[in-house]
Amino acid sequence: MGQTLAEILDGAARGRFPAPDGSTTVVTAPSGRDSGVIAFTAHSVVFTDEDPAWVHATLASLDCDALAATMHPRFLQAFLERTGRTTDTIDLLTVAPALPGDPPPVLREVTDPVHPRVMSARRRRDGVRMWTVDGGVLVLGRGVAGRWEVAVELDEDARHRGLGRALATAARHLVPDGEHLWSQQAAGNARSIRAFQAAGFRPVGSEALLLGP
C-alpha cells in the first residue's frame, strides 16, 4: 500500500487495495481543502492533519462493528466537530480508466459557467470545466489528492434515455491517456449508480468528504 493518499488511490484504481485486515490507516491530508474517510473492503483510510492517536482512540470508543467504525455517525460527528468542517453524505466511490480518442462531438464546452453544479464543484475541485448536451451537463475537475473527478446532471425530462450513461462514458475521453477518472454517487441514488456502472465505472469503496468552513 502507498504511503500517501494519492498513492493509495492510484493503487486502488489499478486493483491494488489495502490489506483487508480490519485496520484503519491515518495519512496526512493532501491539502487544506481535503479531509475525510475512505472505507475499502475491511480497511479504512482517514486523511487528516489531526493527531492519528485521536482518530484511533475515538474509533476504539465506539460500540459498533469495528469494520464499520470509520463510517459510523458518531465517529463522523466527532470528526466534524474536531475539525470545524461539514459534510453532505457518504458516497459510493467509483473509478474507470480513461478511454482513447475524442469525446462525442455533441458535447459543447461552456466557458465561465455559473451552473449550480459547477458552483458546488468548485468547492471540492480545481480546474473545473463544464460541457453541455441537450438535457444534461458534465462537470470535470481535479479533486481529492489531485484525482480526476466527474459529475453529471440531467434534466428530469431527459432521464430514462441512456443520457447519464452516455455522459459518464464521454467523460472518460476527456482525461489524459493512462489516467483514471473518479466519481461519487450517493448510496441511495440508484439511477446514478446504474448509469456510471453501465459506463464502466467500478465501485472501490465508500467515501465521506469533510468540507472546509
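That block above? That's the structure.
Figured I'd write up the structure that's included with this text.

**Here we look at the side chain of Ser 35**
Logical step 1: Position of Ser 35 among the secondary structure elements: in strand β2 (residues 35–40).
Logical step 2: The exposure class of Ser 35 is buried, given its relative accessible area of 3%.
Logical step 3: Looking at Ser 35, its side chain comes within polar contact range of the main-chain oxygen of Phe 47, at 3.0 Å.
Logical step 4: When sequence neighbours within four positions are dropped, the list of residues in contact with Ser 35 reads Phe 47, Thr 48, Phe 79, Arg 85, Ala 208, Leu 209 and Leu 210.

**With respect to the sheet that holds strand β8 (residues 148–154)**
Logical step 1: Strand order in the open sheet made by the 10 strands is β1-β3-β2-β10-β4-β9-β8-β7-β6-β5, with mixed pairing throughout. What marks the edges here is a single partner per strand, and that holds for β1 (23–27) and β5 (108–110). The sheet shows a mean angle of 30 degrees between the axes of neighbouring strands, taken without regard to direction.
Logical step 2: As defined by bridge partners, β1 adjoins strand β3 (residues 43–47) across 5 bridges and the pair is classed as parallel. Residue pairing for β3: Ser 23 is matched across the bridge by His 43.

**Some remarks on the packing of helix α2 (residues 52–60) against helix α3 (residues 73–83)**
Logical step 1: As a packed pair, α2 and α3 sit with axes 10 Å apart at the nearest point and diverge in direction by 150 degrees. For the crossing formed where α2 meets α3, the hand is right-handed. Contacts between α2 and α3 involve Trp 54, Val 55, Thr 58 and Leu 59 from the former and Phe 75, Ala 78, Phe 79 and Arg 82 from the latter.
Logical step 2: Looking at side-chain class alone, the contact of α2 with α3 contains 6 nonpolar, 1 polar and 1 charged residues.

**Observations concerning helix α6 (residues 190–198)**
Logical step 1: All buried positions along α6 are accounted for by Ser 192, Ile 193, Ala 195 and Phe 196. With its buried residues spanning 165 degrees around the axis, α6 presents them on a single face.
Logical step 2: Among the residues trailing α6, Gly 200 stands out with phi positive, at a value near 100 degrees.

**Comments concerning unusual backbone geometry**
Logical step 1: One non-glycine residue with positive phi stands out, namely Ala 42, at about 55 degrees.
Logical step 2: Although it is not a glycine, Ala 145 adopts a positive phi angle of roughly 55 degrees.
Logical step 3: Within the element layout of this structure, Ala 145 appears in the loop between β7 (136–142) and β8.

**A few points about the environment of Ala 171**
Logical step 1: Tracing the backbone through its elements, the reader meets Ala 171 in helix α5 (residues 163–171).
Logical step 2: According to the relative accessible area criterion, Ala 171 is buried, its value standing at 0%.
Logical step 3: Measuring from C-alpha to C-alpha, the distance between Ala 171 and Val 152 comes to 9.2 Å, with 19 residues separating the pair along the chain.
Logical step 4: Contact partners of Ala 171, with chain neighbours within four places excluded, come to Leu 138, Val 150 and Leu 181.

Conventions used here
- Residues numbered from 1 in each chain as written.
- Predicted model: local features only at pLDDT ≥ 70, side-chain atom pairs only at ≥ 80, totals over all residues.
- Heavy atoms only, no water.
- Helix = DSSP H or I, 4+ residues; strand = E, 2+ residues; numbered from the N terminus.
- Buried < 20%, exposed > 50% of the residue type's maximum accessible area, 1.4 Å probe, protein only.
- Polar contact = N/O pair within 3.5 Å; in protein donor to acceptor, adjacent residues only side chain to side chain.
- Contact = heavy atoms within 4.5 Å.
- Pairing = 2+ DSSP bridges.
- Axes fitted to C-alpha atoms, helices over the stretch in contact; angles between N-to-C directions.
- Left-handed = near helix turned anticlockwise from the far one by under 90°.
- Nonpolar A, V, L, I, M, F, W, Y, C, P; charged D, E, K, R; others polar.
- Arc of directions from axis to C-beta.

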